[in-house]
Amino acid sequence: MPNQKLSVVVTRRLPEVVETRMSELFNVQLREDDSPMSGPELVQAVREAEVLVPTLSDQIDAGLLGQAGEQLKLIANYGAGVDHIDVQTARQRGILVSNTPGVLTEDTADMTLALILAVTRRIPEGLALMQSGAWEGWSPTALLGGRIAGRRLGILGMGRIGQAVARRARVFGMQIHYHNRKRVHAGIEEELEATYWDSLDQMIARMDVVSVNCPHTPSTYHLMNARRLKLMKPSAVIVNTSRGEVIDENALTRMLRAGELAGAGLDVFEHGTQVNPRLRELPNVVLLPHMGSATEEGRVEMGEKVLLNIKTFDDGHRPPDQVVPGML
Ligand code: DGY
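The rules we used
Residues numbered from 1 in each chain as written. Predicted model: local features only at pLDDT ≥ 70, side-chain atom pairs only at ≥ 80, totals over all residues. Heavy atoms only, no water. Helix = DSSP H or I, 4+ residues; strand = E, 2+ residues; numbered from the N terminus. Buried < 20%, exposed > 50% of the residue type's maximum accessible area, 1.4 Å probe, protein only. Polar contact = N/O pair within 3.5 Å; in protein donor to acceptor, adjacent residues only side chain to side chain. Contact = heavy atoms within 4.5 Å. Core = buried A, V, L, I, M, F, W, Y, C linked by side-chain atoms within 4.5 Å. Domains from an automatic or database assignment. Buried area = accessible area lost by both parts, 1.4 Å probe. Salt bridge = Lys/Arg side-chain N within 4 Å of Asp/Glu carboxyl O. Near = heavy atom within 4 Å. Areas by Shrake-Rupley, 256 points an atom, 1.4 Å probe, with all protein chains shown as cover. Nonpolar A, V, L, I, M, F, W, Y, C, P; charged D, E, K, R; others polar. Pairing = 2+ DSSP bridges. Axes fitted to C-alpha atoms, helices over the stretch in contact; angles between N-to-C directions. Expected span 1.5 Å × (residues − 1).

1. A closer look at the side chain of H216
Piece 1. With respect to the helices, strands and loops of the structure, H216 is situated in the loop between β9 (209–212) and α10 (226–231).
Piece 2. Residue H216 is classed as buried on the basis of its relative accessible area, which comes to 18%.
Piece 3. Side-chain polar atoms of H216 contact the side chain of D83, separated by 2.8 Å.
Piece 4. Residues in contact with H216, not counting those within four places in the same chain, are D83, Y221, R243, E245 and V246.

Right, here's the structure in full:
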């Protein structure tokens, strides 16, 4: 008799090719529209599924996990960040957690550079001028930005994405500096000509551009708080393609409005879609709707990782991208 297929519940629409493969391999319940699941829908999902495939828009906290049935054995997150999952409680309840690292690296690094360029070279202001039809032709003094070659880039979090940002920024002629929990291998520092700063305070006080590339964890929450933001040079720019919670968004907004910082490029926000309305009014701020990893290729590769994690688990092994508490 053939084994029963694993029951899998997916909380959001995924690329068609991924959904098709999931349906072939597992007894899968797919989402019909692209809205996030409601609270009661999530409760039902954890009561029924052996494997839950959530995304960052689902809060998988202790309260929800407390309502999970005994059958829930794996949370195969569609995404790299797992700050929306209480990995510790999951572990205590014998539920494995996996994510999709690696496949978002290049796309997120591209978007980081795009934000650095957009803010420093005032691209949205130029675009708005063209779209308004008010452009009156070239002028020696109009829309002057800054040259990024020669600027000091301070990368906060030198993991895969931080390194990919550094590689790109080097090509643009930026000088690479970084702060990380652990100093990276000497060979990587050499390749990137990167300077390590043990003290985050000292690094950010000297940078022209600060890029946030660390995950959001209890120890990185508001790492860029009001005190630290004030250490930055008034001519400096900050970009964030990681998680909004790493920066105190209200403090940042106040400083930008007061002209105490030159600009910001943000793809992520402290309170999700509840973006500080004052940020939206500022000409020196570029806001994007969390699209750092939004490429066709990346989304399919994320799905392939999820499939591999579930399949490996189904075959009786540990998922290759298992996340353990405190790992990120
Ligand atoms: C992730 O996977 O955590 C990313 O933030 C999605 O863009």
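2. Structural notes on the nonpolar core
Piece 1. Membership of the largest hydrophobic core comes to 29 residues, with the highest contact counts inside it found for L229, M232, I238 and L252.
Piece 2. Broken down by secondary-structure element, the contributors of at least two residues to this core are α9 (200–204), β9, α11 (249–257) and β11 (263–266).
Piece 3. Top contributing element to this core by residue count: α11, with 4 residues.
Piece 4. Setting aside residues no more than four positions away along its own chain, L229 makes contact with M224, I238, I247, D248, A251, L252, M255 and L261.

3. Considerations on the domain arrangement of the chain
Interface extent is often summarised as the accessible area lost during association of the parts.
Piece 1. The domain boundaries assigned to the chain delineate domain 1 (7–103 + 296–314) and domain 2 (105–287).
Piece 2. Centre-to-centre, using C-alpha coordinates, domain 1 lies 31 Å away from domain 2.
Piece 3. Every contact between the two is made by 7 residues of domain 1 and, on the other side, 6 residues of domain 2.
Piece 4. The contact between domain 1 and domain 2 buries some 500 Å² in all, and 34% of this surface belongs to carbon and sulfur atoms.
Piece 5. Along the contact surface separating domain 1 from domain 2 lie 1 salt bridge.
Piece 6. R243 is the salt-bridge partner of D83, the closest N and O atoms lying 3.2 Å from each other.
Piece 7. Remark: the boundary between domain 1 and domain 2 carries 3 residue pairs in polar contact (both at pLDDT 80 or more).

4. Some words on the site of the ligand
Piece 1. By nearness alone, every residue bordering the ligand is listed as L56, G79, A80, G81, L104, R243, H290 and S293.
Piece 2. In the complex, the protein chains occlude 88% of the 230 Å² of accessible area that the ligand would expose alone.
Piece 3. A class-by-class count of the residues in the shell around the ligand yields 3 nonpolar, 4 polar and 1 charged.

5. Considerations on the pattern of salt bridges
Piece 1. Inspection of the entire model under this criterion finds 18 salt bridges.
Piece 2. Here R168 ties to D110 by a salt bridge, and the two come within 2.6 Å at their closest N and O atoms. Of the two residues, R168 sits in helix α7 (residues 160–171) while D110 sits in helix α5 (residues 105–120), which places them 58 residues apart along the sequence.
Piece 3. We classify D110 as partly exposed; its relative accessible area is 39%.
Piece 4. A salt bridge links D315 to K311; the nearest nitrogen and oxygen atoms lie 3.1 Å apart.
Piece 5. The exposure class of K311 is partly exposed, given its relative accessible area of 30%.
Piece 6. Each of E106, D110 and R168 takes part in salt bridges that share partners, so that together they form one network.

6. Observations regarding the sheet that holds strand β7 (residues 175–179)
Piece 1. Read from one edge to the other, the open sheet built from 7 strands follows the order β8-β7-β6-β9-β10-β11-β12, with strand pairing classed as parallel. Every other strand in the sheet has two partners, leaving β8 (194–196) and β12 (285–287) as the edge strands with one partner each. Pairs of neighbouring strands in the sheet enclose a mean axial angle of 15 degrees, with direction left out of account.
Piece 2. In the sheet, β7 pairs with β8 via 3 bridges, with the strands oriented parallel. Paired with Y178 across the bridge in β8 is Y196.

7. Things to note about α7
Piece 1. Given a rise of 1.5 Å per residue, 12 residues ought to cover 16 Å, and the 17 Å separating the end C-alpha atoms of α7 matches this to within 8%.
Piece 2. Buried residues of α7: G162, Q163, A164, V165, A166, R168 and A169, and no others.
Piece 3. Of the surrounding secondary structure, the elements contacted by the buried residues of α7 are α5, β6 (152–156), β7, α8 (186–192) and β9.
Piece 4. Positive backbone phi, at 85 degrees, marks G173, one or two positions downstream of α7.

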